[in-house]
Amino acid sequence: MSLQVAGVRAGVDGLLLGIDFGGTKMAVGVADRQGRVLARRRIPTYAERGAPQALDRALNLAAELVAGVGGPLLAAGVASPGVVRPDGIDLAPNVPGWERLRLAEAVRDGLDVADVAVDNDLNAAALAELRIGALRDADPGLVVGIGTGVAAAVTVGGRVLAGHRGAAGEIGYAVAGGPWPGTMLELDFSGRALDRLAEELGLAGGAAGLAGAAEHPGTARAALTARVDELARHLVTCCLLLDPERVVLVGGVAGSAVIRGLLVDRLAEVLPHRPDVVLSGFADDAALLGAVTLAREAVHV
């Protein structure tokens, strides 16, 4: 989940661009130099149609928003699933062809902007929490993203921990179930996994429909609880290893009060030192605001 920066120049008054690529939707925002978002828009990813069309549509939308706001574009920040390398992206299976993209290069060339910073989407969200969110006064911190997939990001000393290969926090690949080696956590607990579970139970509305049905005792609640238990086991280990002061939950699935309640109860039941567990105040915008923050900090490199 390493940071890639393409080009640096002295900052002047102008605009910052943030792009958040997700497996389900993409968000684009234009901000002033202080990071205040002036315009933003979301569009579907259409993952099944492949990576090139998603990238092209996001860049077209970005150009449209920049032109609409007006002013020179200083820098762009990009939040992407997976482990970002200069020549490709690892561990991003949800959009066919994503692994072949060179995002910094594509954004720099497509929008004629010299300063482009690209990072993993949850690392970007964690950066936003560090600078302007729930981790400003907490160290260390743990950000847990529960959206299309599931992942974590670690913050220590005001920085997001990338890891040796940039893959710190990729808990979606953690071993789950049995017998050994079982399956991957993301196949048991993630937005896509809960969508499949809802379909198996004959519930409409995917993960949201499942969470709604689980508000009352019954089959749906029992099935969802079993999946939350699997995630909780891994988060307990993360907390024991890191001893975070605060855990911040981000992503669409994390917005479910039922899921948060089950998860918080399980952590509180077994952890000897309980961190604060809070929902991000950015709703679905944490990664987008992180992308804007990447752009702002690229200008000041």
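Just so we're clear, the structure is a prediction, and the values are computed from it rather than from any experiment.

**Q** Honestly, the overall build of the chain in this entry has me stumped. Any pointers?
**A** Along the backbone of the chain there are nine helices and 15 strands. Taking 2.2 N^0.38 as the reference for a compact globule, 301 residues should give roughly 19 Å; the C-alpha atoms of the chain span a radius of gyration of 19 Å, in line with that estimate. Along the first, second and third principal axes, the C-alpha set of the chain runs to 55 × 40 × 35 Å. Going through the 301 residues of the chain one by one, you find that 53% of them count as buried. Taking contacts inside the chain between residues at least 6 apart in sequence as the whole, the part at least 24 apart equals 68%. Summed over its atoms, the accessible surface of the chain is roughly 13100 Å², and 53% of this surface lies on carbon and sulfur atoms. Measuring between centres, the 27 positive side-chain charges of the chain sit 2 Å from its 35 negative side-chain charges.

**Q** How should I be thinking about helix 2 (residues 103–111) in this particular structure?
**A** The α-helix advances 3.6 residues per turn, and as a result positions three or four apart in sequence lie on the same side. For helix 2, the set of buried residues is L103, A104, V107 and L111. All buried residues of helix 2 fall inside an arc of 100° around its axis, so they share one side. One or two positions beyond helix 2, positive phi appears at D112, with a value near 55°.

**Q** Hey, could you run me through the environment of R266 in this one?
**A** Checked against the element boundaries, R266 lands in helix 8 (residues 257–270). Given the relative accessible area of 22%, R266 is considered partly exposed. On a C-alpha basis, the gap between R266 and V236 in space is 8.6 Å, while along the polypeptide they are 30 residues apart.

**Q** Help me out: how do you make sense of the sheet that holds strand 9 (residues 141–146) in this one?
**A** Within a sheet, each strand pairs with its neighbour through backbone hydrogen bonds, oriented either parallel or antiparallel. An order of 11-10-9-14-15 is seen for the five strands of this open sheet, with the pairing classed as mixed. The open sheet has two free edges, formed respectively by strand 11 (159–160) and strand 15 (276–279), since each of these has just one partner strand. When strand 14 (residues 246–250) meets strand 15, the two strands line up parallel, connected through four bridges. Following the sheet pairing, V247 is matched in strand 15 by V277. Relative to the sheet, helix 3 (residues 121–132) contacts strand 9, strand 10 (150–156), strand 11 and strand 14, its axis offset from that of strand 10 by approximately 40°.

**Q** Hey, could you run me through the state of the cysteines in this one?
**A** Here is the idea: a disulfide is a covalent bond, and it sits between the sulfur atoms of two cysteines. Per the counting criterion, the structure on display carries zero disulfides. In this model C238 remains outside any disulfide bridge; the closest cysteine sulfur is found in C239, 6.8 Å from its own.

**Q** Is there a simple way to think about the pattern of salt bridges in this case?
**A** Two side chains with opposite charge may pair up if their charged atoms get near one another. Counting across every chain of the model gives 14 salt bridges. For R41, the salt bridge is made with E64, and the minimal N-O distance between the two is 3.1 Å. A residue pair is termed long-range when its members are at least 10 positions apart, and R41 in strand 4 (residues 37–44) and E64 in helix 1 (residues 51–69) qualify at 23 residues. Classification of E64 as partly exposed rests on a relative accessible area of 45%. Put simply, R40, R42 and D285 are held in one network by salt bridges that share partners.

**Q** When you look at the side chain of D32 in this model, what are you seeing that I'm missing?
**A** Tracing the sequence through the fold places D32 in strand 3 (residues 25–32). There is a polar contact of 2.8 Å between the side chain of D32 and the side chain of R36. Other than its neighbours up to four places away in sequence, D32 contacts G14, L16 and L38.

**Q** Sorry if this is basic, but what is going on with the nonpolar core here?
**A** As a rule of thumb, soluble globular proteins bury nonpolar side chains together. Formed by 36 residues in total, the largest nonpolar core has its most connected members in L142, I146, F189, L194, L224 and L231. Those elements that provide at least two residues to this core are strand 9, strand 10, helix 5 (191–200), helix 6 (206–213), helix 7 (219–242), strand 14 and helix 8. Sorting elements by how many residues they give to this core places helix 7 first, with 10 residues. The residues contacting L224, other than those within four sequence positions of it, are L194, L197, L210, A211, A214, V258 and I259.

Cut-offs used in this document
Residues numbered from 1 in each chain as written. Predicted model: local features only at pLDDT ≥ 70, side-chain atom pairs only at ≥ 80, totals over all residues. Heavy atoms only, no water. Helix = DSSP H or I, 4+ residues; strand = E, 2+ residues; numbered from the N terminus. Rg over C-alpha atoms; globule rule 2.2 N^0.38 Å. Buried < 20%, exposed > 50% of the residue type's maximum accessible area, 1.4 Å probe, protein only. Contact = heavy atoms within 4.5 Å. Areas by Shrake-Rupley, 256 points an atom, 1.4 Å probe, with all protein chains shown as cover. Lys, Arg positive; Asp, Glu negative; His and termini not counted. Charge placed at Lys NZ, Arg CZ, Asp CG, Glu CD. Arc of directions from axis to C-beta. Pairing = 2+ DSSP bridges. Axes fitted to C-alpha atoms, helices over the stretch in contact; angles between N-to-C directions. Disulfide = S-S within 2.5 Å. Salt bridge = Lys/Arg side-chain N within 4 Å of Asp/Glu carboxyl O. Polar contact = N/O pair within 3.5 Å; in protein donor to acceptor, adjacent residues only side chain to side chain. Core = buried A, V, L, I, M, F, W, Y, C linked by side-chain atoms within 4.5 Å.

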